[in-house]
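Structural features, examined
What follows is each chain in one-letter form.
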Amino acid sequence: MYQEFVDLLRQSSYCVVLTGAGVSTPSGIPDFRSPTGLYSKYPQEIFDIDYFYSSPASFYSFCKEVLLPMIDAQPNLVHEFLAWLEERGYVKVVITQNIDGLHQKAGSKDVVELHGNISRFKCDKCGKLYDHNWVRRELEKKAVPHCLCGGLIRPDIVFFKESLPWEAVNMAEMHSLSCDLMVVMGSSLVVYPAASFPILAKKNGAKLVIINNSETGLDFLCDLKIEKDLVEFCSQVWKMFQS
Ligand code: OAD
């Protein structure tokens, strides 16, 4: 299975990696749907846009406790391995559902963020951008940050019922149609449209590999399923590339 994966990467001339929350659990960031994931402690509606506008103070309390600390997390071996693979030309692009920015921190250059990034905030009225440090300072003084224009400040992430940023979707579609190998790491593949990209790649003739420590929504479609811990798997594969 290790050798099969190494061979697929070596033979590929256009490999796209799609990542989910499972690549960041080794950095101490909880995923969503594992038994210990965020949805075991918080209702899924916390990421619903209607909830944000009806209870901004509750959302920001969750944001302060759970989302903002993601910015202080450090990349782990999986992020580092992916950056290394990109640098050596084995991986073309990482498409991620994560909002933690850890791929970029590890050195990945070509990253498509489907669900935004928690380090950016913006006014929902005038569009002025705010960085997370400013928001953190505001949250020390008040429950909800507001812009100078009076508008509510929101994180630049995608809530449920919102569309994904069109540039990110366009890029993800283009890469999915161009790749000959798509590798999905650490995603349950149940949230769309993110989960539609492996389907698109597969329909267009690419091979599909899924690496995840549990079942995913697209296991039936893949050419190779590796049911393992990502750090354990990537560290073995990395050694094989270097030997
Ligand atoms: P999920 O929590 O649904 O899936 C993460 C998967 O990674 C689970 O199947 C875990 O079993 C697996 N996993 C966790 N740690 C792992 C490890 N060390 N090694 C191998 N596998 C591991 O997260 P996503 O699929 O990313 O969207 O969730 C997709 C979207 O749902 C998120 O972007 C978010 C959420 O609601 C929005 O908020 C819009």
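Quick caveat, the model's predicted, so the values are computed rather than measured. Sequence order as written defines residue numbering, which begins from 1 separately in each chain. Per-residue local features of the predicted model are confined to residues with pLDDT of at least 70, and side-chain atom pairs are confined, for both listing and counting, to 80 or more; whole-chain, interface and lining totals are unaffected and use all residues. Computation of side-chain values: all heavy atoms of the structure, hydrogens and water removed.

Turning to helix 4 (residues 77–87), a few remarks are in order. The classification of residues rests on relative accessible area computed with a 1.4 Å probe and restricted to protein chains. Under 20% of the type maximum is buried, over 50% is exposed, and intermediate values are partly exposed. Working definition: helices are DSSP H or I runs of at least four residues, strands are E runs of at least two. Numbering for both runs from the N terminus. With 8 of 11 residues buried, helix 4 is to be regarded as a mostly interior element. Residues of helix 4 that are buried sit in contact with helix 1 (2–11), strand 1 (15–19), helix 5 (102–106), strand 7 (181–185) and helix 9 (230–242). Side-chain atoms alone can form a polar contact between residues adjacent in sequence; in general such a contact is a pair of N or O atoms within 3.5 Å, and within protein one must be able to donate a hydrogen while the other accepts it. Regarding helix 4, its N-cap is Asn-76, as a side-chain oxygen of that residue lies 2.7 Å from the backbone nitrogen of Val-78 further along. In the segment just after helix 4, Gly-89 is the residue with positive phi, at about 85 degrees. We call two residues contacting when some pair of their heavy atoms lies within 4.5 Å.

Turning our attention to the site of the ligand. Every one of the 24 residues lining the ligand counts as a neighbour, but Arg-33, Tyr-39, Ser-187, Ser-188 and Asn-213 are closest to it. Between Ser-187 and the ligand, the recorded distance is 2.7 Å, taken from a side-chain N or O atom to an oxygen atom. With respect to the ligand, the backbone of Leu-230 contributes an N or O atom lying 2.9 Å from a nitrogen atom. In this description, accessible areas are obtained by the Shrake-Rupley approach with a 1.4 Å probe, and a residue is regarded as covered only by the protein chains that are shown. Contact with the protein chains covers 95% of the free accessible surface of the ligand, which is 800 Å². Taken together, the residues of the shell around the ligand sort by class into 8 nonpolar, 12 polar and 4 charged. Formed jointly, the shell around the ligand draws a minimum of three residues from each of two domains, domain 1 (1–27 + 75–115 + 165–243) and domain 2 (30–72 + 116–157). Nearness here has a simple test: a residue counts as near a molecule or strand if at least one of its heavy atoms is within 4 Å of that partner. Asp, Glu, Lys and Arg are counted as charged, while Ala, Val, Leu, Ile, Met, Phe, Trp, Tyr, Cys and Pro are counted as nonpolar; the rest, among them Gly, fall into the polar class. Each domain's extent is set by a domain assignment, obtained either automatically or from a database.

Below, the discussion takes up the domain arrangement of the protein chain. With domains assigned, the protein chain is organised as domain 1 (1–27 + 75–115 + 165–243) and domain 2 (30–72 + 116–157). Each of domain 1 and domain 2 has a C-alpha centre, and the two are 27 Å apart. Between domain 1 and domain 2, the contact holds 14 residues from the first and 14 residues from the second. Buried surface area refers to the total accessible area, computed with a probe of radius 1.4 Å, that the two partners give up upon joining, counted for both partners together. Roughly 950 Å² is buried in total at the junction of domain 1 and domain 2, and carbon and sulfur atoms are behind 53% of that figure. Any Lys or Arg side-chain nitrogen found within 4 Å of a carboxyl oxygen on Asp or Glu counts as a salt bridge. Linking domain 1 with domain 2 are 1 salt bridge. In this structure, the salt-bridge partner of Glu-113 is Arg-120, at a minimum N-O distance of 3.7 Å. Our count for the contact surface shared by domain 1 and domain 2 stands at 3 residue pairs in polar contact (both at pLDDT 80 or more).

Spatially, 3 strands are ordered 5-4-6 in an open sheet, and the strand pairing comes out antiparallel. Since the sheet does not close on itself, it has two edges, and those belong to strand 5 (129–131) and strand 6 (153–157), each with one partner. On average, each strand axis in the sheet is tilted by 40 degrees relative to the strand beside it, whichever way the strands run. When strand 4 (residues 116–123) meets strand 5, the two strands line up antiparallel, connected through 3 bridges. Pairing between two strands requires that DSSP report at least two bridges joining them. Lines are fitted to the C-alpha atoms to define the axes, a helix being fitted only along its stretch in contact, and any angle between axes, read from their N-to-C directions, falls within 0 to 180 degrees.

What follows concerns the nonpolar core. In this structure, Phe-59, Tyr-60, Phe-62, Leu-67, Ile-118 and Phe-121 are the most contacted members of the largest nonpolar core, which totals 33 residues. Sort the elements by how many residues they give to this core and helix 3 (residues 56–67) lands first, with 6 residues. Not counting residues within four places of it along the chain, the set of residues in contact with Leu-67 comprises Phe-47, Phe-59, Phe-62, Ile-99, Ile-118 and Ile-157. Definition used in this section: a nonpolar core is a set of buried Ala, Val, Leu, Ile, Met, Phe, Trp, Tyr and Cys residues joined via side-chain atoms within 4.5 Å. By size, the runner-up hydrophobic cluster in this structure holds 27 residues, among which are Phe-5, Val-209, Leu-224 and Phe-233.

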